[in-house]
Amino acid sequence: MSPSAGGQELVSLAMPVADEALARRLTERMVRVEEALAGHVQSRARFVTDAASHLMSAGGKRFRPMLVLLAAEAGAHPEADEVITAACVVELTHLASLYHDDVMDEAALRRGAESANARWDNHVAILTGDFLFSKSSELTAELGADAVRIQAQTFTRLVEGQIQETVQPGPGEDPLAHYLDVVAGKTGSLIATSARYGARFGGTDREVEEALTAYGDIVGTAFQLSDDILDIASDSDESGKTPGTDLREGVPTLPVLMARVSARPEDARLLELLDSDLSDDSLHAEALALLRAHPAMDDARDYVVARAQEAKALLTALPPGPVREALETFADHVAHRST
Ligand code: FPP
Ligand code: MG
């Protein structure tokens, strides 16, 4: 997604939308979102503006604002200004979390560009994340008290998901269940709120808002699980990030957890590597290669596709038509980006 200088040709949607009239409306509104976002990253401190603009203009799928705009289309007034504001809120919150996440992961690449911590340093990256989060909170206040409460609860879930990722599953706790809980928190929460904000400010009834929120939670979880699969399966040209980061950090994501559950006698070396320190480049490369060839990769992909189906089933709360179809495509797109 390129920042817009006012021209629609500079904005492309996060996924194909079959209905031309719907695609045109979404593109027009995404142009407004991009213009507003470019304004929201301006700080009084030049270095923060530079660092905040850096990842904003480096690209990104703009998945969350796209879902706000799309969910709003299920309501009576999808063109409302609040819908655009809500789309900015979720993207700024997401972007803030990326600056902090890259510090925690010591990541070098983000959105195909140098991460802020690599290009500047950890202090700049953390302050920029704080700044973007405060901007997002200021904007949320424009949406009223309920929106502030929803945003606060969402952020608690998001941060707690991230905290839980650093904590081992408790005794007797299933590691896969623990991990799915982490993912629902750190990614499902904000994508659920994207759908909720879109529905609410676009003017759907309560039943549709609840269905879209539940849909967003599952699609968001599937999105993060796809990301985990891509972290192992893809090269950096495709993902815009350094492959195998989770593995190097010792974060056991879906493919690793599934490989452990379905380990065969010939997987002894992989299990040994998974239990060791993978900061060494050659051990890391060996583990990555063994994992890429393991049947657990397909098990993980099948799981993500099944979650997308579950999300799509919730869309029966909406009348059939182009908006429902686009939301179905959105769920499929999330699931199949890792297949
Ligand atoms: C990506 O995980 C990380 C998140 C979705 C959330 C991280 C949240 C925080 C660090 C808290 C943010 C706090 C403030 C105040 C802004 P990942 O590392 O698995 O994904 P990646 O592959 O995209 O890096
Ligand atoms: Mg990360």
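An account of the accompanying structure is given in this report.

Definitions and cut-offs
Residues numbered from 1 in each chain as written. Chains lettered and ligands numbered in written order. Predicted model: local features only at pLDDT ≥ 70, side-chain atom pairs only at ≥ 80, totals over all residues. Heavy atoms only, no water. Donors = N, O, S within 2.8 Å, 3.2 Å for Na, K, Ca; no water. Helix = DSSP H or I, 4+ residues; strand = E, 2+ residues; numbered from the N terminus. Buried < 20%, exposed > 50% of the residue type's maximum accessible area, 1.4 Å probe, protein only. Contact = heavy atoms within 4.5 Å. Near = heavy atom within 4 Å. Polar contact = N/O pair within 3.5 Å; in protein donor to acceptor, adjacent residues only side chain to side chain. Areas by Shrake-Rupley, 256 points an atom, 1.4 Å probe, with all protein chains shown as cover. Axes fitted to C-alpha atoms, helices over the stretch in contact; angles between N-to-C directions. Parallel < 35°, antiparallel > 145°, perpendicular 65-115°, else oblique. Nonpolar A, V, L, I, M, F, W, Y, C, P; charged D, E, K, R; others polar. Core = buried A, V, L, I, M, F, W, Y, C linked by side-chain atoms within 4.5 Å. Salt bridge = Lys/Arg side-chain N within 4 Å of Asp/Glu carboxyl O.

Further remarks concern the coordination of the magnesium ion (ligand 2). Summarising the metal site, the magnesium ion (ligand 2) is bound by the protein donors Asp101 (OD) and Asp105 (OD), whose distances to it range over 1.9 to 2.1 Å. Pair noted here: aspartate 101 and aspartate 105 are both in helix H4 (residues 81-105), with a separation of four residues, about one helical turn. For the pair aspartate 101 and aspartate 105, one class covers both residues: buried.

Another point: the environment of isoleucine 229. With respect to the helices and strands, isoleucine 229 occurs in helix H9 (residues 206-233). Overall, the relative accessible area of 0% leaves isoleucine 229 in the buried class. Separated by 63 residues in sequence, isoleucine 229 and arginine 292 have C-alpha atoms that sit 9.3 Å apart. For isoleucine 229, the contacting residues outside a window of four places in its chain are Pro255, Met297, Ala300, Arg301, Val304 and Ser338.

Taken together, 15 residues sit near ligand 1, with Asp101, Asp105, Arg110, Lys186 and Lys241 positioned nearest. Aspartate 105 is positioned such that a nitrogen or oxygen atom in its side chain is 2.9 Å from an oxygen atom of ligand 1. Between ligand 1 and lysine 186 there is a distance of 2.8 Å, counted from an oxygen atom to a side-chain nitrogen or oxygen. For ligand 1, the protein covers 89% of the area, taking 640 Å² as the surface of the free molecule. Mapped onto the shell around ligand 1, the elements with two or more residues apiece are H4, helix H7 (145-165), helix H8 (175-202) and H9.

A separate point is the packing of helix H2 (residues 46-58) against H4. Relative placement of two packed helices is described by the angle separating their axes and the distance separating the axes. Interhelical geometry of H2 versus H4 gives an angle of 110 degrees and a closest axis separation of 11 Å. For the element pair H2 / H4, the angle class is roughly perpendicular. Packed against H2, whose contacting residues are Ala51, Ala52, His54, Leu55 and Met56, the element H4 presents Leu92, Leu95 and Tyr99 at the interface. Residues that form the contact of H2 with H4 fall into these classes: seven nonpolar, one polar and no charged.

Nonpolar side chains in soluble globular proteins tend to be buried together. Ranked by size, the top nonpolar core spans 95 residues in total, and within it Val17, Met66, Leu132, Leu212, Tyr215, Leu327 and Phe330 carry the most contacts. When residues in this core are grouped by element, the largest group, 13 residues, is from H4. Apart from the residues lying within four places of it in its own chain, the contact partners of methionine 66 are Leu13, Ala14, Met15, Val17, Leu26, Met30 and Phe330.

This part covers the environment of threonine 27. Within the secondary structure, threonine 27 sits in helix H1 (residues 20-40). The spatial distance from the C-alpha of threonine 27 to the C-alpha of alanine 147 is 25 Å, given a sequence separation of 120 residues.

We now examine the pattern of salt bridges. Where charged atoms of side chains with opposite charge meet at close range, the side chains can pair. This structure, assessed with the given rule, holds 27 salt bridges. Notably, a salt bridge pairs aspartate 81 with arginine 32, separated by 2.9 Å at the nearest N-O pair. Of the two residues, aspartate 81 sits in helix H4 while arginine 32 sits in helix H1, which places them 49 residues apart along the sequence. For arginine 32, a relative accessible area of 34% corresponds to the partly exposed category.

In this section: the environment of arginine 301. By secondary structure assignment, the location of arginine 301 is in helix H15 (residues 296-313). Once the C-alpha coordinates of arginine 301 and leucine 254 are considered, the two residues, 47 residues apart in sequence, prove to be 9.4 Å apart. For arginine 301, the residues in contact, after removing those within four places along its chain, are Ile229, Ala233, Ser338 and Thr339.

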